[in-house]
Amino acid sequence: MAYNEIAKRSNKTVYRDGELCYKVFAADYNKADIFNEALNQTRVEETGLFIPKVHELKKLDDGRLAIAMDYVEGKSLKTLMDENPKKQSDYLKRFIDIQLSMHSLTAPNLNKQRDKFSRKIDMSGLDATTRYELHVRLESMPKHNKLCHGDFNPSNVIITPDDRACIIDWSHATIGNASADTARTYLLFKLAGNDKLAEDYMTLFCKKSDTARQYVEQWLPIVAASQMVKGKPEECEMLSHWASVCQYE
């Protein structure tokens, strides 16, 4: 593919071709996950939220699969935060407002968050007692049907030249409890070493949403166990600690 590369990860690369961009997956990437991501994104489109619209899922000449979608011009909130550290507080407030707006929606055809967490707990590698405690915790949590991103962080919010916010990367989208999505974002900040930003985020989100911090923290062991499935050695110790249910009793 001779298009302009605009983003690269270990197992996927995003290219721009005029008004479109192509997310190209590595040859050994799980095919079901690629189809699921494209399906997630088309289902979220139905909510009216500003996201890149999917045009097609295609097979390239070299056999790799690619999702073709709208190219959205702009800078990520992470880039804006890095470029304007004095405005980080303002950007964080907007980030939370965008997340709250997303949580006000639902997409009934998406996978259920609770089912995904249950599978991830079983795949976490944690001992049987901890897995049992996590399943009991998950089952006891309130059942909601709000639109949840599953990987909501400033890198996945694009601010366009006309100041609109576009949310990208819907591979982990589900419907479920918004506080679980919040706990996930908090954990992502912590894993990135942004402790102050994590605390500022949690405090401000709970204030804006009128949610008790203790309630969000009830989800932390569950989202930590889910993250363990990625198998990143540098995260193992921290996640094992967070996944211990007794830490949040």
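The structure this text deals with has already been given above.
Structure report, in brief. (Residues numbered from 1 in each chain as written. Predicted model: local features only at pLDDT ≥ 70, side-chain atom pairs only at ≥ 80, totals over all residues. Heavy atoms only, no water.)

## Quick look at helix α7 (residues 195-209)
Spacing of three or four residues puts side chains on the same side of an α-helix, whose turn is 3.6 residues. Here α7 contains 15 residues, and its C-alpha end-to-end distance of 21 Å stays within 8% of the 21 Å for a straight helix at 1.5 Å per residue. Packed against the buried residues of α7 are α3 (88-103), α6 (178-191) and α8 (213-217). Note on α7: the residue one or two positions beyond its end, Asp210, has a positive phi of about 55 degrees. (Helix = DSSP H or I, 4+ residues; strand = E, 2+ residues; numbered from the N terminus. Expected span 1.5 Å × (residues − 1). Contact = heavy atoms within 4.5 Å.)

## Regarding the packing of aromatic side chains
Tallied over the entire structure, the rule returns eight aromatic pairs. Centre to centre, the rings of Tyr186 and Trp242 are 5.9 Å apart; their planes meet at 70 degrees, and the pair counts as edge-to-face. One end of the pair, Tyr186, is in helix α6; the other, Trp242, is in helix α10 (residues 236-242), and 56 residues separate them in sequence. According to the relative accessible area criterion, Trp242 is buried, its value standing at 10%. Among the aromatic side chains, those forming a connected cluster through ring pairs are Phe95, Phe152, Phe189, Tyr201 and Phe205. Of note, Arg164 hangs over the ring of Phe50, and the distance from its end group to the ring centre comes to 3.9 Å. (Phe/Tyr/Trp six-rings, centres within 6.5 Å; stacked < 30°, edge-to-face > 60°. Buried < 20%, exposed > 50% of the residue type's maximum accessible area, 1.4 Å probe, protein only. Lys NZ or Arg CZ within 6 Å of the ring centre and 35° of its normal.)

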